[in-house]
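Here is how the chains run, residue by residue.
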Amino acid sequence: QVLLVESGGGLVQAGGSLRLSCAVSGRTFDYYSMGWFRQGPGKEREFVASISRNGALTYYKGSVKGRFTISRDNAKNTMYLQMNSLKPEDTAVYYCNAVSVLVREPTITDVVFGSWGQGTQVTVSS
């Protein structure tokens, strides 16, 4: 009975910042590599960023690299996404999940948990 709870989204102007959190319960958190995904209006869910079990290895979608930073606190069973220099094209519902891959950038097919959380809405205005 894994539970994923995303939070921290909101409405922000272009160039602004948000910090998203993903709290995980029902699983041993540090057993899993984790990732952030997003789904914009009329679009398919896509990979954004991922982080290995100990936080040493990260991957980013090219369009967010240099602007977003993924991190995790295993003692708190929580993963974070610091988003800076936000753009309107970042507008989406952001979700978290475990991922099974660590030798390449994950895709939506690499998700481990069968259920998703409610997501958190990020809206960037111009």
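Quick look at the structure, then. The numbering scheme is per chain: residues are counted from 1 as the chain's sequence reads. At least 70 in pLDDT is required for a residue's local features to be given in this predicted model, at least 80 for side-chain atom pairs to be given and counted, and no such filter applies to totals for whole chains, interfaces and linings, which use all residues. Working from all heavy atoms in the structure, the side-chain values ignore hydrogens and water.

**Section: the state of the cysteines**
Note on terminology: disulfide denotes any pair of cysteine sulfur atoms within 2.5 Å. All chains considered together, the criterion is met by 1 disulfide. With its sulfur 2.0 Å from that of its partner, C22 forms a disulfide with C96. Every disulfide takes its handedness from the sign of the S-S torsion; for C22 and C96 that torsion is 70 degrees, giving right-handed. Placement of C22 in strand β3 (residues 18-25) and of C96 in strand β9 (residues 92-99) is noted, with a sequence separation of 74 residues between them. Burial classes: relative accessible area under 20% of the type maximum marks a residue as buried, over 50% as exposed, and values in between as partly exposed (1.4 Å probe, protein chains only). A relative accessible area of 0% means that C22 is categorised as buried. Helix and strand labels come from DSSP, where a helix needs a run of H or I of at least four residues and a strand needs a run of E of at least two; each type is numbered from the N terminus.

**Quick notes on the sheet that holds strand β8 (residues 78-83)**
Pairing between strands requires that DSSP locate at least two bridges from one strand to the other. Reading across the sheet, the 4 strands line up as β1-β3-β8-β7 and stay open at both edges, with antiparallel pairing between neighbours. Edge positions in the sheet fall to β1 (3-7) and β7 (68-73), since each of these pairs with one other strand and no more. Recorded for the sheet is a direction-independent mean angle of 15 degrees between the axes of neighbouring strands. Pairing of β1 with β3, which is carried by 5 bridges, proceeds in the antiparallel orientation. Note on β3: the bridge partner recorded for L3 is S25. What counts as an axis is a line fitted to C-alpha atoms, over the stretch in contact for a helix, and the angles between N-to-C directions run from 0 to 180 degrees.

**Here we look at the packing of aromatic side chains**
Here a Phe, Tyr or Trp ring, Trp counted by its six-membered ring, pairs with any other such ring whose centre lies within 6.5 Å, and the pair is stacked when the planes are under 30 degrees apart, edge-to-face when over 60, and tilted otherwise. Counted according to the given criterion, the structure contains 4 aromatic pairs. A ring pair is formed by Y95 and W116, whose centres lie 5.9 Å apart and whose planes are at 75 degrees; its orientation type is edge-to-face. Separated by 21 residues along the polypeptide, Y95 in strand β9 and W116 in the loop between β9 and β10 (120-125) bring together distant segments of the chain. Three or more aromatic residues link up through ring pairs in this structure, and these residues are F37, F47, Y95 and W116. By definition, being over a ring means that NZ of Lys or CZ of Arg is both within 6 Å of the ring centre and within 35 degrees of the ring normal. The side chain of R45 reaches across the aromatic face of Y95, ending 3.7 Å from its centre. Between R45 and the ring centre of W116, over which it is positioned, the NZ or CZ distance is 4.5 Å.

**Notes on the sheet that holds strand β5 (residues 46-51)**
Strand order in this open sheet of 6 strands is β2-β10-β9-β4-β5-β6, and the pairing throughout is mixed. What marks the edges here is a single partner per strand, and that holds for β2 (10-13) and β6 (58-60). For this sheet, the mean angle separating the axes of adjacent strands, direction not counted, is 25 degrees. Taken together, the 4 bridges between β2 and β10 define a ladder with parallel strand orientation. Its bridge partner being in β10, G10 is matched across the sheet by V122.

By themselves, these are just geometric observations and shouldn't be taken as functional.
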